[in-house]
Amino acid sequence: MTFRSPRSRAARTVPVRPAWTVPFRRPAPAMPFPGAVRTVPFRRQAPATPLPRAVRRPGRAAMFRRGTGAVPFHGAGPATRRRFTPRALGRRVFRVKPCRRAVEAVFRRTGESLRGIPATVFRRAVRACVVLAVLACCVVGLLAVPASAAPVAAHPLGDFSVNRYDGLVVAPREVRVDHVQDLAEIPTAQVRAGLDAAGPGPWAARRCAEAVRAMEVTIDGRRGAPRVLTARAERRPGRANLPTLRVECAIAVSGTGSSIVFRDAGLVGAAGWREITARADRMTLTAADVPAASRSRRLSGYPEDPLSSPPDQRQASLRVRAGGPPLAADPAVPGAGTVLPRGADGPTRAFVDLVSRQDLTLPFAVLALLVAVALGALHAVAPGHGKLMMVAYAGGGDSRSGRVRREIFVLGTTVTLTHTAGVLALGLLIMSGTLLAPAKVYPWLSVASGVLVALAGTVLLRRAVRNTRTTGGHGHGHGHGHGHGHGHGDGHGHGHGHGHGHGHGYGHGHGHGHWHGHRHAGREGAPRRGGAALMGFAGGMVPNPSAVLVLVGAAAIGRAWFGVVLVLAYGVGMALTLTLVGLLALGSGRALSGWLRAAARPGHRVQSLAARSRAVLPLGTATAVALVGLGLVLRSLPAAIA
Amino acid sequence: MPFPVRKATTALAVVAMVAGLTAFSTVAFGRGFEDPPPAPVPAAALDRISGADLGRTIGRLQERLRARPDDADSWSTLGLAHVEQARLTADPSHYPRAENALRRALRLRPAGDEQVRTGLAALAAARHDFPAALREADLALAVNPYGTRAHAVRVDALVELGRYDEAWAAVRRADSLRPGIPIFTRYAHVLELRGDPGRARQVLERAAESATDRTDVAYVAAQLGDLAWSRGDLAAAGRHHAAALRADPSSLAALDGRARVRAARGDAAGALADRTALAGRAPLPGYVAALGELHEAQGRPDRAREQYAVMDAWQALARTNGVGTDLETALLGADHGAKAAALQAARAEWSRRRSIHVADALAWALHVNGRDREALPYARQAARTGFRDARFLYHRGMIERSLGRTADARRSLTAALRLNPHFSPLDAPKARAALKELS
């Protein structure tokens, strides 16, 4: 049961790709490759079309534009214009041409029947709806998966089985036995009269005393004297309104030695699940002929596998040596909540079962990895994993999707890495036993995470405020991509304006944005990417107890390395969900903005309103993120201090 | 062009990742799938497998099927092994496993073969679906007329369906085609039911001579013990049951027999110990009721009631499972409580099959419900093959007494007590009392 350090090879197989290798995927002006950008004089980017878009669609605010001498570059090139025609937008949302054509065909028909309303409005509205529907379907589908998981049968071994479990724990001065009996309906009926007459307490004491008499614990050849510490009996409802019984006895045998033989001779010949497990507490098991984890989770659920008979273990031989980590809470016990703040959910328990299966085959390993990814994705759907942040980021971010996508990717990667690292660290601490109370660490991690989120929110807010100050108020459809000198883009001495790299402009000027994005990627992009990384860090900072459970469970059965791989896959799954949410938010946000703009076409007032709302949107989302972070801090602080 | 280059890089990275992962898994988990799968277990070997080996055989089959899930033969052998295990341990949880395995085999080979058919027949017989057992056994024998197991199941089904003449023909044919211990024990059983216990004993003794496997030895010895017991030969019964327990200490039938013999000999403590152990190991209705009767006979009615309450639990479970109470439970219910339900169950059983045991149960259920006039024909039916059993005779005598046929009642009760004076710790004293009252 020693913890083996993960093979580095395992870690290297993660699909972690540095952010800078993410390709821009847009029809950018002909540009051989990023490095070449610097050598190309920017005059080459001068608009090829003599007619600037501003002429076609005059914006009042164009006159109030300030602080940039970049007017000449506002004229959008043909490529840019194409990108922002409704058609181009549609192409972005529906990448498959036939699909787009079908939708457009439908709209053509609808447009005929509903005269007076521009077809583009419909088109965009429906696009937004489709994106939202896809998002909703994803969420519902992910939520439905655990609901459809099959429950575990209570007594697969028939109505007259008496199931017994002995969980051995070898401690420095004693051997502890966690003895559990699960009586099905008929055996319960057999003992019912005695139980009713004596009461559960005394009856359990008698039953445990009986169990102890049938036990034989030999430590280094000497026969130990087991004694009952506590005894408990609990009635549980069974089939046909008949009760079943669960008896739990805590038993201890004093003594120490290097060789321990345990034998449970109780109820020989009776049908039932008979399981023995062995673990060590501040000792080390050098050899054991029984597993460390219980297949039935201490007789709380019996896995049904047509290819494995119920275990019939009646004895165990162990070899131990002194020294070792203290025993962590039983990973197989559903109530391990004493160690971890939140109990494991159903899928995770099933997953730990999966990992503790005796044989690892290739298909099984692949399946386990896929399941881990799915579980991670599922887990990220649960509240509190930075989805709002992601939406805020994507929705409030600029529409230059290459950048946003890259940032979303950075965020996803950071979440994965942070989460994995956190789980590994916590798992290591738990397993090495240096951490006395892992429950204490959790609130502090939550506080730290909250602080980071609040910080990220503040960064977003600051940027949004600046954007509003510089570009707000004039919601024209173009040009504010340039207006704001963010301070970081400044030092590079181009005469044509600064900081395009992060402009929120959805108008034209994208060609430039690109330009500058590339040019200043090193300096300019860093703060933004840093922001994304910061948020990813915050999102992945609190290790999910389920993942810790998977790791500890895998380590308990001597497969720590596999646990590490699984935890990594888990993080990837989380990142996938978050990235998906971000991309969907990006898509729907863009569809929405397109729709707003189209709706705004007839009159300037609406247009300006639309633009204003767009300018305010980042403010709102940034505030929300900051508030969420603050809320996290406030919620976790009392627990951390207590 | 930048994008193709990047795409190519991306694709390359993905491919490298997948390849790396695969290679990694191969290295890491290699053991799991490079081992050759274990060799198949021939079904013929199953005929000679004892209880202890059965668990190991099942383990080997499971191991092989994990490696080769499409091995129909192993699936059917596994199914058969589970049926066998259910028979030996009286643990019904093996039936769903057996069925699962046999269905898998059938799915892999939809036409079915001898082994799958035999397995399905054995499973149906174990679940008391005797028409299905007969059908499947016939199908199996159509493929292979020399299948010992199929022959044995066929004989069992015919016996339980009350078709004794066909059973007699079937068991003689099986004996000529493929003699063996399973056939010998059936042969003896049919002979006994035909009212020829002497030849039944001879056949069983011959079977005992040829038995080498310890579960076989125990099985045949327990049968011999039961036969001796039904003739009231306590000494021989005790000897045979002791031998059976020596051969296989886990034999439930032998333990049951020893408990009966001990009770008959007046060893109250020994009988109680055996009965308690039996009810603890396999709380089947028959064993539980026997423990209750022993408690009652030894003057502990409260303890007896506890055991009878367990019977109620069995009946509640049977209702939940959607199956009627079986014949044995019905008969015990007639003695210990649920009289109306017992009659209902017995009538239902009689409509399905007309064996002498069902006739006796129906007669007794009618009697306890006060309908002796209807009961008498069934009690006579129970004696139609010439089979003589103390309990049958006791039932008949009590019915005749209720009808006021004193002479017949005296004759029946005397015959019952002469045949086996200790046939039941509760009923034998009652029979004696009734006889005293009659004379």
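The model shown is predicted, which means the values in this text are computed figures rather than measured ones.

Participant: How would you sum up the overall build of chain B? Please name residues and give values.
Facilitator: Regarding its fold elements, chain B presents 24 helices and 0 strands. Looking at chain B residue by residue over its 439 residues, the buried ones come to 51%. Pairs at least 24 apart in sequence give 53% of the contacts found in chain B among residues at least 6 apart.

Participant: Report on the packing of helix 20 (residues 356-368) of chain B against helix 22 (residues 390-402) of chain B, specifying residues and quantitative values.
Facilitator: Residues and elements named next belong to chain B. For the pair helix 20 and helix 22, interaxial distance at closest approach is 10 Å and the crossing angle is 35°. Here the hand of the crossing between helix 20 and helix 22 comes out left-handed. Residue-level inspection shows I356, H357, D360, A363, W364 and H367 of helix 20 in contact with helix 22, the latter providing F392, Y394, H395, M398, I399 and S402. Partitioning the contact of helix 20 with helix 22 into residue classes produces 7 nonpolar, 4 polar and 1 charged.

Participant: Break down the confidence of the model for chain B for me, citing the residues and quoting the values.
Facilitator: Residues and elements named next belong to chain B. Of all residues in chain B, 86% attain a pLDDT of 70 or more, and the chain-wide mean is 84. Taken together, the stretch residues 21-37 has pLDDT below 50 and engages in 26 contacts with residues farther than four places along the chain or on a different chain. Scored as a whole, the predicted complex attains pTM 0.54, and scored at its interfaces, ipTM 0.73.

Participant: Can you tell me about the nonpolar core, naming the residues and giving the values?
Facilitator: In terms of nonpolar packing, the biggest core is built from 76 residues, with W75(B), L78(B), V153(B), V159(B), V171(B) and V190(B) touching the most fellow members. Residues contacting V159(B), with those up to four places away along its chain left out, are Y164(B), A167(B), H189(B), V190(B), L193(B) and S355(B). Counting residues in hydrophobic clusters, the runner-up holds 32 residues, among them I219(A), L245(A), V253(A) and I260(A).

Participant: Can you break down the sheet that holds strand 6 (residues 243-254) of chain A residue by residue, with the values?
Facilitator: Residue and element names in this part refer to chain A. The 5 strands are arranged 5-6-2-1-8 in an open sheet whose pairing can be described as mixed. Each edge of the open sheet carries a strand with a single partner, namely strand 5 (227-237) and strand 8 (274-280). Taking the axes of each pair of neighbouring strands and ignoring which way they run, one obtains an average angle of 15° across the sheet. The pairing of strand 2 (residues 174-183) with strand 6 spans 10 bridges and is classified as antiparallel. Of the residues in strand 6, the one forming a bridge with V175 is V253. Strands strand 1 (162-170), strand 2, strand 5 and strand 6 of the sheet are contacted by helix 8 (residues 185-198), whose axis makes an angle of about 75° with strand 6. In this fold helix 9 (residues 200-213) packs onto strand 1, strand 2, strand 5 and strand 6, with an angle of close to 120° to the strand it touches most, strand 5.

Participant: Talk me through helix 16 (residues 285-297) of chain B; I want residue IDs and the actual numbers.
Facilitator: All names here are of chain B. Over its 13 residues, helix 16 runs 18 Å from end to end, which matches the ideal 18 Å to within 8%, given 1.5 Å per residue. For helix 16, the tally of buried residues reaches 11 of 13 residues, placing the bulk of the element in the interior. P285, G286, Y287, V288, A289, A290, L291, G292, E293, L294 and H295 are the residues of helix 16 that are buried. Among the residues trailing helix 16, G299 stands out with phi positive, at a value near 80°.

Definitions and limits used
Residues numbered from 1 in each chain as written. Chains lettered and ligands numbered in written order. Predicted model: local features only at pLDDT ≥ 70, side-chain atom pairs only at ≥ 80, totals over all residues. Heavy atoms only, no water. Helix = DSSP H or I, 4+ residues; strand = E, 2+ residues; numbered from the N terminus. Buried < 20%, exposed > 50% of the residue type's maximum accessible area, 1.4 Å probe, protein only. Contact = heavy atoms within 4.5 Å. Axes fitted to C-alpha atoms, helices over the stretch in contact; angles between N-to-C directions. Left-handed = near helix turned anticlockwise from the far one by under 90°. Nonpolar A, V, L, I, M, F, W, Y, C, P; charged D, E, K, R; others polar. pLDDT = per-residue confidence, 0-100. Core = buried A, V, L, I, M, F, W, Y, C linked by side-chain atoms within 4.5 Å. Pairing = 2+ DSSP bridges. Expected span 1.5 Å × (residues − 1).

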